[in-house]
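Examining the three-dimensional arrangement
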Amino acid sequence: MSESMNSKLEDRRDFLKASALVAGVAVGPGVLFYGIAHSRSPEEGASSKQRWGMLIDTTKCAVGCNDCVTACNTENGLSGKTGEQDSQWIRKLNIKHLQTGVEHNLPMLCQHCENPPCVDVCPTGASMKRADGIVLVDRHICIGCRYCMMACPYKARSFVHEPLTEQNPEVPRGKGCVESCTFCVQRVDRDETPACVEACTASGHQAMLFGDLNNPESDIAKAMKTVATTEVRADLGLNTGVRYQGI
Amino acid sequence: MANNICLNQKECGKSTGFWLLLTLGGLVMLGTLSAFFFLEHHGHIKTGMTNQIVWGLPHVFAVFLIVAASGVLNVASIGSVFGKKMYKARARLSALLALTILSGGLAVLVLDLGRPDRLIVAMTYYNFKSIFALNMIFYNGFFAIVGLYLLTMMDRKLKPWYKPIGMLAFLWRLALTTATGSIFGFLVARAGYNSALYAPMFIIYSFAYGLACFIVVQAAMYKWNDIEIDEAVLCRLKNLLATFVAAALYFTAVLHLTNLYFAKQWDFERFLLSDGGIYTLLFWGGQVMLGGFLPLLLIFSPGARKQPAILLIAALLVIIGGHAQMYVTIVGGQAFPLDMFPGYAESSSFFDGVVHAYSPSVWEMMLAVGGIATTFLITTVAVRVLKFLPEDEIKDPSSTVGQH
Amino acid sequence: MARVVNQPGLGKGFRLAACLGAMALLAIPSMPVVAGVDLPKLEHAKGDKCVDEGGYIRRHHPELLKHHRDETMRKGIRTTKYSLKKCVECHAGSKTGSVAASKEDFCIACHSYAGVKLDCWDCHATKPGKRPSHQAAQPAVPSLMPSNGGSQ
């Protein structure tokens, strides 16, 4: 990394600390938080200096708790129905080892790969990865061919099977396009954490940690330096942005 | 058959049969279009396709047609690239069918898109890393090259171009089928796909399906024009079909034997070859028996030399087997759940770890047959207005007018 | 050089008629009412004025919105001047609370008059959100911003 980049990161870090302090002091996070705690101005786009990631501690993820799923549905305007044709951006997955019988509980969502197969296969370029590593579907040019759903190793994508109304203004969704977890990009862009992470923290389980993998001072980078973490389907070499511990 | 059904206007002047066929094709097409508008309005919720089985019956029919389209051009290629006279007489019909069958296949693919209104986006935004985008370029190029190829066969002035364009068309169709097979071969995450074998295997499948389609259309045209196929021609075509069908069986065997050698693929192979219900049935009964061994048995049966009907039945069986193969490949490959955590049993609200169910609705069935209807309609009109009937010099030396 | 006007069959009278016809066609858009179809009556929007001059917006809003959508969607640039969400906040009708729920609503009124299909509302909300957009008018970020250069 170049000298100037390092110093820039230093600046950013100081700033993040300062804004965290401000946010911490504010009793009602909604009020004081906005307008001040921006790490980047609206004119500034997402930067490859950051890479957003998530660390999920499966030992803390509680059986029967569905708070992350509920929060996601509320934030993104999903119906919450779980039929074969309904969208699910995040789901609770139970896995049980066939020999030992050991069980793990974990939320499964878009893994925001560095080398996402969905982006590779998309014929129009609607499946895309933002500079900061967030994998998104540009619904403006999605033709609804569903090839990305064939390619995703995590079954993270859903196809909108019916016309929708009353969408969340910040999360446009509609019939005929493919969609998936966005890391709540609308929240991340104003320096909030994804809704699922917020809900998991609020529930007291603290199983989900969100942050910048490129920033060595971030909580997530520090945590990943000290514990063993797992990539799902690491054999595919996709370098996922979501990592699990405890499996 | 009576002479009142006749497809070549110049030769018999009557058109009852032509209008009958057009009406038949038109009615099916009407059903397809109404299904399309219905689904366009209500969304894919009215289909049997889900977030688990994302490609269904329309894709089975569409991919079959696309694969067959490149294969049907083989007849022309053997004529121009390898200089065989008997195939040259069939080159026009072969090239015409290549165009019409591809049109049918692509029509279904487009009508099934979530946003068919954005077809222009698919034609203007290209992600060149995507094999799907490359396929679109190959399809468009195929139309252009085969169109020119057909012109060189029909226009004496363009005759010098016949050979080079024939060669280009042959190479292009090999690339096209490689790309079509790779749509599946490149899906690294799924146990049913993820094999480089898909490219050559689809080429061999295309040889068999394409030739079978050609034989069926030729038989129909001969019947309607009261022409009997020459015995030597019959013999050549049946031996060629047998070779292709046997090669297709060989590739299928190699794919599954390779998988059986890889421990991580055992679960999938067990699913497909023995426990998969409808998919197992379609694999053994449809793809292998109906589409493989039975046609071979028929072709090599003692009566086949003299009986055009036997070749026709064998070709029809290959087409049926081809659809079974596409169903097994496309739907079966998705029905088997993704294995995200090897060694673990998975369960969730999103149908992880379970074999996914698929039952097509009547709407997607109507959509699926639209490809055949499209092909049928364009072919019928084309053979009516232009000369496509294969005529062998051996049979009637006076009918070589307009041939090369 | 041969001139087009010398072509046989195009008499003087014909040319005159053609010119008059063309002029009449050109004149039509400047007339207030065409063939009995009234111009759409648009409800007055919230706020004092639009983000740009009305005529400019009327003519260029497709490109402006498209440019903005790509900037926001693909690059994460979240300025608000030409944001569709902001349009909705000011232009939602007082009866329906929406820009596209009834024929009188802002977007539909004009688009049905012009006969131009739009598919924004297949996905985008036609009503303003419960909470206001997060950024106020620009510049949104006060001096607390770190000095991280002019990099995009």
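Cut-offs applied
- Residues numbered from 1 in each chain as written.
- Chains lettered and ligands numbered in written order.
- Predicted model: local features only at pLDDT ≥ 70, side-chain atom pairs only at ≥ 80, totals over all residues.
- Heavy atoms only, no water.
- Helix = DSSP H or I, 4+ residues; strand = E, 2+ residues; numbered from the N terminus.
- Buried < 20%, exposed > 50% of the residue type's maximum accessible area, 1.4 Å probe, protein only.
- Areas by Shrake-Rupley, 256 points an atom, 1.4 Å probe, with all protein chains shown as cover.
- Axes fitted to C-alpha atoms, helices over the stretch in contact; angles between N-to-C directions.
- Parallel < 35°, antiparallel > 145°, perpendicular 65-115°, else oblique.
- Contact = heavy atoms within 4.5 Å.
- Nonpolar A, V, L, I, M, F, W, Y, C, P; charged D, E, K, R; others polar.
- Buried area = accessible area lost by both parts, 1.4 Å probe.
- Salt bridge = Lys/Arg side-chain N within 4 Å of Asp/Glu carboxyl O.
- Polar contact = N/O pair within 3.5 Å; in protein donor to acceptor, adjacent residues only side chain to side chain.
- Expected span 1.5 Å × (residues − 1).
- Core = buried A, V, L, I, M, F, W, Y, C linked by side-chain atoms within 4.5 Å.
- Patch = residues over 30% accessible without salt bridge, like charges linked within 9 Å, V, L, I, M, F, W, Y side chains within 5 Å.
- Lys, Arg positive; Asp, Glu negative; His and termini not counted.
- Charge placed at Lys NZ, Arg CZ, Asp CG, Glu CD.
- Pairing = 2+ DSSP bridges.
- pLDDT = per-residue confidence, 0-100.

**Details of the overall build of chain A**
Helix and strand counts for chain A stand at 8 helices and 9 strands. The burial tally for chain A puts 61% of its 247 residues in the buried class. Accessible surface, chain A as shown: approximately 9300 Å² in total, 54% of it carbon and sulfur.

**Overview of the packing of helix α12 (residues 266-275) of chain B against helix α13 (residues 278-299) of chain B**
All names here are of chain B. Contact geometry for α12 and α13: axes closest at 6 Å, N-to-C directions at 70°. By the angle class used here, α12 and α13 are roughly perpendicular. Along the contact surface, α12 presents F271, L272, L273, S274 and D275, while α13 presents Y279, T280, F283 and W284. In terms of residue class, the contact of α12 with α13 is built from 6 nonpolar, 2 polar and 1 charged.

**Some details on the interface of chain B and chain C**
For an interface, size is often stated in terms of accessible area lost upon the parts coming together. Contacts between chain B and chain C engage 4 residues on the former and 5 residues on the latter. Summed over both sides, the interface between chain B and chain C buries roughly 250 Å², with carbon and sulfur atoms accounting for 13% of that surface. There are 3 salt bridges connecting chain B and chain C. Across the pair C:D119 and B:R115 runs a salt bridge, and its minimum N-O distance is 3.1 Å. At the junction of chain B and chain C, the tally comes to 2 residue pairs in polar contact (both at pLDDT 80 or more). When the residues that make up the side of chain B that touches chain C are grouped by side-chain class, the tally is 1 nonpolar, no polar and 3 charged.

**Details of helix α8 (residues 131-154) of chain B**
Its 24 residues give α8(B) an end-to-end C-alpha distance of 34 Å, which sits within 8% of 34 Å, the value for a rise of 1.5 Å per residue. Structurally, the start of α8(B) carries an N-cap: the backbone nitrogen of B:F132 is 3.1 Å from a side-chain oxygen of B:S130.

**Concerning the side chain of B:S195**
By the element assignment, B:S195 lies in the loop between α9 (162-185) and α10 (198-224). With sequence-adjacent residues up to four places away left out, B:S195 is seen in contact with B:G185 and B:L255.

**Description of the nonpolar core**
Among the nonpolar cores identified, the biggest contains 175 residues, and A:M54, A:Y147 and B:L241 are the most heavily contacted of them. Tallying contributions element by element places α10(B) first for this core, with 16 residues. Once residues lying within four places of it in the same chain are set aside, the contact partners of A:M54 are A:L109, A:F183, A:P194, A:C196, A:V197, A:M208, A:L209, A:F210, A:I220, A:G241, A:V242 and A:R243. Among the nonpolar cores identified, the runner-up in size contains 7 residues, and C:L84, C:V88, C:A92 and C:A100 belong to it.

**Section: the environment of A:Q186**
Residue position: A:Q186 is located in helix α6 (residues 185-188). Distance from A:Q186 to A:N76, taken between C-alpha atoms, is 9.9 Å for residues 110 residues apart in sequence. Not counting residues within four places of it along the chain, the set of residues in contact with A:Q186 comprises A:E75, A:N76, A:E170, A:V171 and C:R78.

**Quick look at a positive patch on the surface**
Residue and element names in this part refer to chain B. Residues K88, R156, K159 and K163 make up a contiguous surface patch of positive charge. Of note, K88 is situated in helix α5 (residues 85-88). The exposure class of K88 is partly exposed, given its relative accessible area of 33%.

**Re the interface of chain B and chain A**
With 55 residues of chain B at the interface, the matching set in chain A holds 55 residues. Buried area between chain B and chain A, both sides added, is near 4800 Å², and the carbon and sulfur share of it is 58%. Looking only at chain B, the three residues that lose the most surface to chain A are B:N51, B:Y344 and B:F350, adding up to 15% of its buried area. Taken together, chain B and chain A are joined by 3 salt bridges. Between B:K129 and A:D120 there is a salt bridge, with its nearest N and O atoms 3.1 Å apart. For the pair chain B and chain A, the number of links is 37 residue pairs in polar contact (both at pLDDT 80 or more). When contributions to the side of chain B that touches chain A are tallied by element, the ones reaching two or more residues are α2 (16-42), α7 (119-124), α8, α9 and β1 (344-348) of chain B. A total of 5 residues in the side of chain B that touches chain A trace back to one element, the largest contributor, which is β1(B).

**As for the sheet that holds strand β1 (residues 52-57) of chain A**
Residue and element names in this part refer to chain A. If you walk across this open sheet you meet the 3 strands as β8-β1-β9, and the pairing is mixed. Either end of the sheet is taken by a strand with one partner, and the two such strands are β8 (208-212) and β9 (242-245). On average, each strand axis in the sheet is tilted by 20° relative to the strand beside it, whichever way the strands run. Examined bridge by bridge, β1 and β9 share 4 bridges and lie parallel to one another. Looking across to β9, one finds that D57 is bridged to Q245. Sheet strands touched by helix α7 (residues 195-202): β1 and β8. Its angle to β8, the strand with the most contacts, is close to 135°. Set on the sheet, helix α8 (residues 219-226) makes contact with β1, β8 and β9; between it and β8 the angle comes to about 115°.

**Quick notes on the environment of A:L98**
Counting through the fold element by element, A:L98 comes out in the loop between β2 (90-97) and β3 (103-109). Take A:L98: its relative accessible area is 63%, and that puts it in the exposed class. If near-sequence neighbours (up to four positions away) are discounted, A:L98 is found in contact with B:G343, B:Y344 and B:A345.

**Focus on α2(B)**
The periodicity of an α-helix, 3.6 residues per turn, causes residues three or four places apart in sequence to face the same way. Residues and elements named next belong to chain B. The terminal C-alpha atoms of α2, which comprises 27 residues, lie 39 Å apart, in line with the 39 Å expected from a rise of 1.5 Å per residue. Its buried side turned inward, α2 meets α6 (91-111), α10, α15 (362-368) and α16 (370-385). Following α2 by one or two positions, G43 has its phi on the positive side, about 90°.

**Examining the pairing of β8(A)**
Residues and elements named next belong to chain A. In terms of burial, β8 is largely enclosed, as 4 of its 5 residues are buried. As judged from the 5 bridges shared by β1 and β8, these two strands associate in the antiparallel manner. Its bridge partner lying in β8, L55 is registered against L209.

**Quick word on the pattern of salt bridges**
Using the criterion set out here, one finds 30 salt bridges over all chains in the structure. With a closest N to O distance of 3.1 Å, A:R139 and A:E179 form a salt bridge. A residue pair is termed long-range when its members are at least 10 positions apart, and A:R139 in the loop between β5 (135-137) and α5 (147-151) and A:E179 in strand β7 (residues 178-179) qualify at 40 residues. Between C:E89 and C:K86 there is a salt bridge whose closest N-O contact spans 3.5 Å. Linking C:E89 with C:K86, this pair stays in helix α3 (residues 84-91), spanning 3 residues, or about one helical turn. Owing to a relative accessible area of 26%, C:K86 belongs among the partly exposed residues under this scheme. The network of salt bridges with shared partners includes A:E75, A:E170, A:R187, A:R190, A:E192, A:E198 and C:K85.

**Topic: a nonpolar patch on the surface**
Residue and element names in this part refer to chain B. A cluster of nonpolar side chains, L290, L294, L297 and I320, forms an exposed patch at the surface whose accessible area comes to about 340 Å². The biggest single contributor to the nonpolar patch is α13, with 3 residues. Residue placement: I320 occurs in helix α14 (residues 308-335). Residue class for I320 comes out partly exposed when judged on its relative accessible area of 47%.

**A look at the confidence of the model for chain A**
Scored by pLDDT, chain A has a mean of 88; 84% of the residues are at 70 or more. pLDDT under 50 marks residues 20-38 of chain A. Its contacts with residues more than four places away, or in other chains, come to 21 contacts.

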